Structure formats: C-alpha cells, structure tokens
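# Chain and residue survey
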Amino acid sequence: MRETKNIILCGVGGQGTILTSKVLSNCLMKAGYDVKMSEVHGMAQRGGSVTTQVRFGDYVHSPIMGKGSADILVAFEKMEALRYLDMIKPEGKVILNDYEIASSTVLAGEEEYSSLILEEVTNAANASVLNACKIAGNIGNVKAMNIVLLGCLVKFMNLGELDWDTAIRENVKPSLVDLNIKAFYAGLGAVSN
Amino acid sequence: MKQILTGNEAVARGALEAGVGFASAYPGTPSTEILENIGEKYSDTIICEWAPNEKVAMEAAIGASVMGARSMAVMKHVGVNVAADPLFTFAYTGVTGGMVLVSADDPGQHSSQNEQDNRNYAKSAKILMLEPSNSQEAKDMVVIGMELSEQFDSPVLLRMTTRICHSKSIVEFGEPKAVKVIPYKKNYAKYGIMFPEILKLHPKVEQRLKLAEEYSNASSLNVEEWNGSKVGVISAGVAYQYAKEVFGDKASYLKLGMTYPLPMAKILAFADKVDKLYVIEELEPFMEEQIKAAGIDCVGKELITSIGELNPDIVKKAIFNEENNILTFNKGLVTQRPATFCAGCPHRGFFYQLAKEKNIVISSDIGCYGLSGNAPYHAKDFAFCMGSGFSSAHGAAKVAQKHGAQQRLVGVMGDSTFFHSGMTSMLDAVYNNSNTLMCILDNRITGMTGHQENPGSGFTLDGEASTVTDIYQVVKALGVKHIRVINPLKLQDVKDAVNWGLSFDEPAVIITRWPCALKKLSQADKAEFGNYKIPVTVEADKCIGCKACMRAGCPALIYNMEKRKVTTDAVQCIGCEVCIQVCPKKAIKKVGAGE
C-alpha cells in the first residue's frame, strides 16, 4: 500500500498553477495512482491568490488536505509561499520561486511587500530556492516558468521515471509543447535532491 | 476508458450518457463549466444554451421535458432562488422527459455572496435529491437522476458543491444511451395548472414522496460500510470523503447518495447497530434534524460547525480535538492579495474616476465591477444579488430625496447582469420617477465567470452567430430620456458623463462600451475597437516617482523602491492608457510613440 502524498501549488492568478497541476495529475493517473486534485481560484480572472492541491496514492479519499499535511509546497511566488507555509508538514519541503508580484494593496500603498519574505521562508522550512523565471527566459519564454517548477517538483518526488513528455504533450497547446518539454528538463536539472 | 475529470466535466459527460436532449444554464461559479463542456464536446447531440437568467433556463428545460426530451437546467446555488418559481410548480406537475436541476452550492463562499444550503430546496419543493461525493458519482448520478425523474414523475435535484465541481478525480466512462423523445400528447390535467385539476397535484406529490422514500431505503445509492459497532457515521457528498479521511476504518459508515427523501428505515437500522452515531455534513443540519425528528439519537452540529466549508482538519478537531503540527513563522509579513481588475480592464478607468465623486452612493451588482469596493478605489457602497444594482439604488434614492440627504445614488451593473434581471431593475426606477444615475458597464461578454456569450455578444453557447440585443435601444424602450454611451478608459469623458447624469432630476443612463481586457475579440469587436493593444512604457528621466499612476491600481505597473521610478510589465500591459492620463509629468507613452 502506497502512502498518500500531498502536494500544494500556490501562486497568483495567471501564473499557470492550474495547468501545472493538470499535467501532474494526468501523469500520475496514467502511472496507476489514484489521484485527486482540487483548485481554489477566486472570483477574478487574474491577480488573486490561487492554489491547487494534488493528492495521490493507492486510494485517496478527500480532495483537499488540512494544515500541516503537505509533503511538498511549490510556490510560484514568494509571498504565496509564506501565505501557505502552515499547510506543510514540519518536515515538509518548499520549492520556492524567487519571484515577486505586488498585490493591489501593495500597489495602492496600503501595505508593504516585505523584503524579508525569502529569508522568513528559508529560516522556517526546508526550502530550495530557484529563479524559474530566469531559467524559463533562457529557454525562450518566461511564461514557461510553471513547467520549470514542475520539473523541480518531479525531481524532489523521485518520479522522474514517469512519462512526463506525454503528459506535457497531451495538456499544453501544440505550439508550446517543445518549449515546455525543454522547460521541464531544465527544472529537473536545476535542483539536486 | 477513464479520465481524470472535475465534477463539472463529469456532469457534462453524464448528460451525454443519460441521453439528455436539452440543457440550459446561466453561468455562475462553481457551475459554469458544466454547460461549457456540453457546448464544447456534445453540442452535436445535446441542444445546449446559455439563458439570460436561471429562471428562464429552468423554464426552457421544463418546456423541453414537456415536449418529451430529457432535460437539464444548471445553476449556482443563488441561481436556484431565481429559478424557484417555476421549480415549485413543476414539482407539482411532474415531468414527461426526465428533468434534472443541477445546483452548485458554494460552502465557504469562494465566489458567492452567501452560502445557503440548497438541500433545503429539495425538501421544500418535495422533490428527489442526489448528492455525489466524487466525479464518478457526479457523472453516474446524472444518468440515475434522469431515470428516477421519469420513474417518480418528479424533477430531481443534483446537489453539487464547489469542492465536487472543481476537484478532479478519476472517472470510468459508460456508454451514451440512445433515448428517444417521447411523442407529445396534450395533457391538460397534468400541465394546465387550472382549477379543479390543480387540486389533484399536491396529493400526488405527497404520495410520490412516500414511494421515493421506499426506493431510498432499498437503493444501493445509500450504502453501508461495516467496520464494527463502536462508531457509526452518516454522511453524504464531499463531507463523506472528509469523514473517511478522519475516521478511516475505525468507524462504520452509512454513505448516502440519495439525501431526499432520506432512507429513514435504513438509518434507523444502522443507528440501532452502533454505540455512537455521528452525522457529518457541511453547512446546515439538514440530515441531522430529520434524523433527530425521527427519534434517533446522534451527534452533529453540536460539534461540527455549520459555517463555511469543511475539511479533514475541521472534522478531526471537532470530533477528536486533534490538530496537525505546523511550522512556526511570522505570518504577519503576509500581505493581502484581493482579487483585482486585470491590467487593461475597462472598469479601471470608470471606477478610478467615479471614486473621485463626492456625495454619491454606489449601488453595485454581481460581477467584476463588484471588485471596485477593493483597494485602491474603495468605490462600491453595497451590492446584494444579480440585478439589484438599479432597484436598490432607486429605493435608496427615494429615501435620500424625501429626507434631504446630500447623497445621490449611482447604480452600476454589467451587460450580462442587465440582461439577467437588470432590465426590470431599471424599469422600476423609470416607472417610479427615480433620479438614480444608472450605469451599464458593457464589456461585450460575461466577464467574471470566464467569458460566456450573452444576448449582447452576438454568439450562442455553441458559437453560432446570433441576434445582438442592443442595450441602448432597450434602455430607450424602457423610457429613459437621457442616455450617453462612452469609452470608460477616457477619464475626462467619464467625469463629464457622471456630472451630466447627475444634473437631471429623472433617470439617466451611462453605457460604457469597451471589451473585457481578456476577451478574444470577434470580427465585430475588431472593426469597432481597432487594434489598441499596444503596451505603454515609462520614460525614466521624466518619472518623478510620485506614484500617482499606482493609485489607478494596475497590476502591470511596478514601482522600483531603489530607483524610485515606475516601470511597466510588457507581458501584462495591453495599453489601455489610463496611466497615461493619470501621470502628471506625461512620462508614460505607448511603445513606439514619438515625442
């Protein structure tokens, strides 16, 4: 019996967290896992905080997990890592994209985006920090940073042997398949376990 | 064939497998993707439509059932309030072709103004109700729902929740059923709703409920999982999954898929076998109250909150008083990230300017413009439901006027909301001689739910060209004498129009007309609005870092603390030009524009 693993992806609307979890859960399903994925997206199309949860194992009941339950948190944005840090197990892992998006309250000058966010996350948790935006930019499109982060996640989950190429091919636009496969392997190679 | 599907995608597949002939909906989170999926994948087989509102969707589905097809109406929980009128009478007449009403409730209010529990509708309308606990059941229950609808001559409520609608789990597909449309035969006694036949319907409904309860007791939709007599759990929907997560095999379960009428004999037998009985359900004590009324002792809402969405944590804490360990960190550093207008949103210019007006009260509505109450605009005063924007403004205006209040009322709603129930809202203000200024923010699409076509957009759900209902002509026909159409991104035009509108002591209407920033433009849009999507850039030597532009709240503007200058995010910016108009130093220009 394989123990259920819990993954959380968090970011800001428009960053591609939902597509990432779609690729992830499809690949896991084809590999024979029971998978449940849950997305929480607010009202607006863009700009709000977005999270998806993916749970997989032999049999998964609840589509969502509680606090202190995630094995890995993948944060597409720094502030979002801190927002959801209480979701991970104390021994859990954080994959942190060193990327900053100011919220509307910050833009309006009503709140400050602290310069201590990265430090706070890395002090509190076992975190791997990377600049997925830069890695994706080097490949040719900063928007592929979501799939770079998927590559990192797969590395830390030790699931590199699954058929990720097919999962990417089946879930992204045909014109973006090559870019995203490149991004995936760049992410896979960007971190060491 | 198996696929990993959201509950909504699964319901769409279920419609195909159930042989549904007609489906209608008004978009509303978390229900929207059901009809979108039917439209995308099955429109060859199923007649599928966006209706202007939920009442109309329900009525159209009723007509389809009367004409002999299996039919579906789909809506979010508050939509059922709108559709309740036809529902309650259709519950009396019964169906010809099977009819399933899908209600997508939103515990936790992820995107809703309340978290009403629509299971109560099944009880009030005295109709059968099914509740899926994963995507597989969501699909299967459309098929079963259609069969039960025809068997019991009743519409069936398929009650979903956000977590079922938007979670993905694995679904094994079935074969689509070929269901023939039942030839039409006039049946005035059943559908005429006239005295004296109408009096025969209610007794029939009561009889139907008795038979349905017998079915519920015998049905495999309501299933026992035996793990010993110490603890018993009765649960349904996603709450069942949370219960399984928390109790594991340390409890026996009575898992209910049919939750109205409840299988009370089965519940009684289960209760008799266990030492301690819990009822675990989200929101209201819907099952618990009925179980207790049947004289069965159980524990439910005294431990588990009736507020918000449940999760395994909440159930575990409530029952076992146990909590997971979490990391310690300074959560005080986390800023809020409220939903906001997108870069290039046409609402930005309108509300940036409107918020500057003194002595106005803004009565808003359900849609993206509701975000105008957030930072940095803080414009909206109140909103209640679809279509309330003008009528609530009107009531407030009458009181303000009679009692000498300084404030004038401004009502605001979108194009789709206007078609939904805003037309009658406006008619109320016109008919009763209001001095309300009414603004229709026409962004050429239904925005907030993710771009669904509507009667003003020129296309139907399945992409067919359709008659464009002209908002200006509708407003004129309602009797409004003062109407102005403006581009909401031109700040001076907005200012002038608002002053103009407030100068009358009778109804005035401003229609803003500019497409949603994320809308895929149609040929007609391109002809009307041109290619305006050229980003802007900030000339660093002219920028003095005053942040005036930032107060327009555009996510494509970035303030660099060290350099004390603003830059733009070329990926997000679509060149709406609001910041250009706001900058006091004329430091912002369209890319490629000369000196």
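In this text, all values refer to a predicted model and were calculated from it rather than measured experimentally. (Residues numbered from 1 in each chain as written. Chains lettered and ligands numbered in written order. Predicted model: local features only at pLDDT ≥ 70, side-chain atom pairs only at ≥ 80, totals over all residues. Heavy atoms only, no water.)

## With respect to the overall build of chain A
- Scanning chain A from N- to C-terminus turns up eight helices and six strands.
- Helices and strands in chain A line up, N terminus first, as β-α-β-β-β-α-β-α-α-β-α-α-α-α.
- Taken over the C-alpha trace, chain A has a radius of gyration of 16 Å; the compact-globule value for 193 residues is 16 Å, and the two agree within 12%.
- Considering only C-alpha atoms, chain A reaches an extent of 50 × 35 × 35 Å along its principal axes.
- When the 193 residues of chain A are sorted by exposure, 62% land in the buried category.
- Taking all contacts inside chain A whose residues are at least 6 apart in sequence as the whole, residues at least 24 apart take part in 64%.
- As displayed, chain A has an accessible area near 7,300 Å², and 48% of this comes from carbon and sulfur atoms.
- Distance between charge centres in chain A, computed from 18 positive and 21 negative side chains, equals 6 Å. (Helix = DSSP H or I, 4+ residues; strand = E, 2+ residues; numbered from the N terminus. Rg over C-alpha atoms; globule rule 2.2 N^0.38 Å. Buried < 20%, exposed > 50% of the residue type's maximum accessible area, 1.4 Å probe, protein only. Contact = heavy atoms within 4.5 Å. Areas by Shrake-Rupley, 256 points an atom, 1.4 Å probe, with all protein chains shown as cover. Lys, Arg positive; Asp, Glu negative; His and termini not counted. Charge placed at Lys NZ, Arg CZ, Asp CG, Glu CD.)

## Some words on the domain arrangement of chain B
- Assigned domains within chain B: domain 1 (2-218), domain 2 (222-320), domain 3 (346-529) and domain 4 (536-590).
- For domain 2 of chain B versus domain 3 of chain B, the distance between C-alpha centres works out to 46 Å. (Domains from an automatic or database assignment.)

## Looking at helix α13 (residues 312-320) of chain B
All names here are of chain B.
- Listed in full, the buried residues belonging to α13 are P312, V315, A318 and I319. Seen along its axis, α13 keeps its buried residues to an arc of 135°; they face one direction.
- The elements touched by buried residues of α13 are α10 (237-247) and β13 (276-280).
- Structurally, the start of α13 carries an N-cap: the backbone nitrogen of D313 is 2.9 Å from a side-chain oxygen of N311. (Arc of directions from axis to C-beta. Polar contact = N/O pair within 3.5 Å; in protein donor to acceptor, adjacent residues only side chain to side chain.)

## Things to note about a positive patch on the surface
- Together, B:K356, B:K358, B:K495, B:K547, B:R551 and B:R564 give the surface a local cluster of positive charge.
- Assignment of secondary structure puts B:K495 in helix α18 (residues 491-502). (Patch = residues over 30% accessible without salt bridge, like charges linked within 9 Å, V, L, I, M, F, W, Y side chains within 5 Å. Salt bridge = Lys/Arg side-chain N within 4 Å of Asp/Glu carboxyl O.)

## Details of the state of the cysteines
- Within this structure, the stated rule accounts for zero disulfides over all chains.
- Distance from the sulfur of A:C152, which forms no disulfide, to the nearest cysteine sulfur (A:C133) is 13 Å.
- Left unpaired, B:C165 is separated from the closest cysteine sulfur, that of B:C48, by 18 Å.
- B:C165 gets classed as buried once you look at its relative accessible area, which sits at 0%. (Disulfide = S-S within 2.5 Å.)

## Remarks on the pattern of salt bridges
Residue and element names in this part refer to chain A.
- All chains considered together, the criterion is met by 39 salt bridges over all chains.
- Between D98 and K78 there is a salt bridge whose closest N-O contact spans 3.9 Å. Linking D98 in the loop between β5 (88-97) and α3 (104-107) with K78 in helix α2 (residues 78-83), this pair joins segments that are 20 residues apart in sequence.
- According to the relative accessible area criterion, D98 is partly exposed, its value standing at 32%.
- With relative accessibility at 12%, the residue K78 sits in the buried group.

## Here we look at the sheet that holds β13(B)
All names here are of chain B.
- Across the sheet, four strands lie side by side as β9-β11-β10-β13; this open sheet has mixed pairing. In this open sheet, the two edge strands, each paired with only one partner strand, are β9 (222-225) and β13. Each neighbouring strand pair of the sheet contributes to a mean axis angle of 15°, computed without reference to strand direction.
- Of the pairings in the sheet, the one linking strand β10 (residues 231-236) to strand β11 (residues 252-256) comprises five bridges and is parallel in character. (Pairing = 2+ DSSP bridges. Axes fitted to C-alpha atoms, helices over the stretch in contact; angles between N-to-C directions.)

## Examining the sheet that holds strand β3 (residues 47-50) of chain B
Residue and element names in this part refer to chain B.
- The mixed open sheet is built from seven strands, whose spatial order is β3-β2-β4-β5-β7-β6-β12. Looking along the sheet, the strands with just one partner apiece sit at the ends: β3 and β12 (258-260). If you compare each strand with its neighbour and ignore which way they point, the axes differ by 20° on average.
- Two strands pair when backbone bridges link them, and strand β2 (residues 22-25) and β3 are joined in this way by four bridges, in the parallel orientation. Bridging from a neighbouring strand, A23 pairs with C48 of β3.

## Looking at the pairing of strand β18 (residues 508-513) of chain B
All names here are of chain B.
- Across the six residues that make up β18, a large majority, five, are buried.
- Sheet topology note: the strand β16 (residues 437-442)/β18 ladder contains six bridges and is parallel. Following the sheet pairing, M438 is matched in β18 by V509.
- Both strand β17 (residues 482-486) and β18 contribute to a ladder of five bridges, which runs parallel. Looking at β18, one finds that I486 is bridged to T512.

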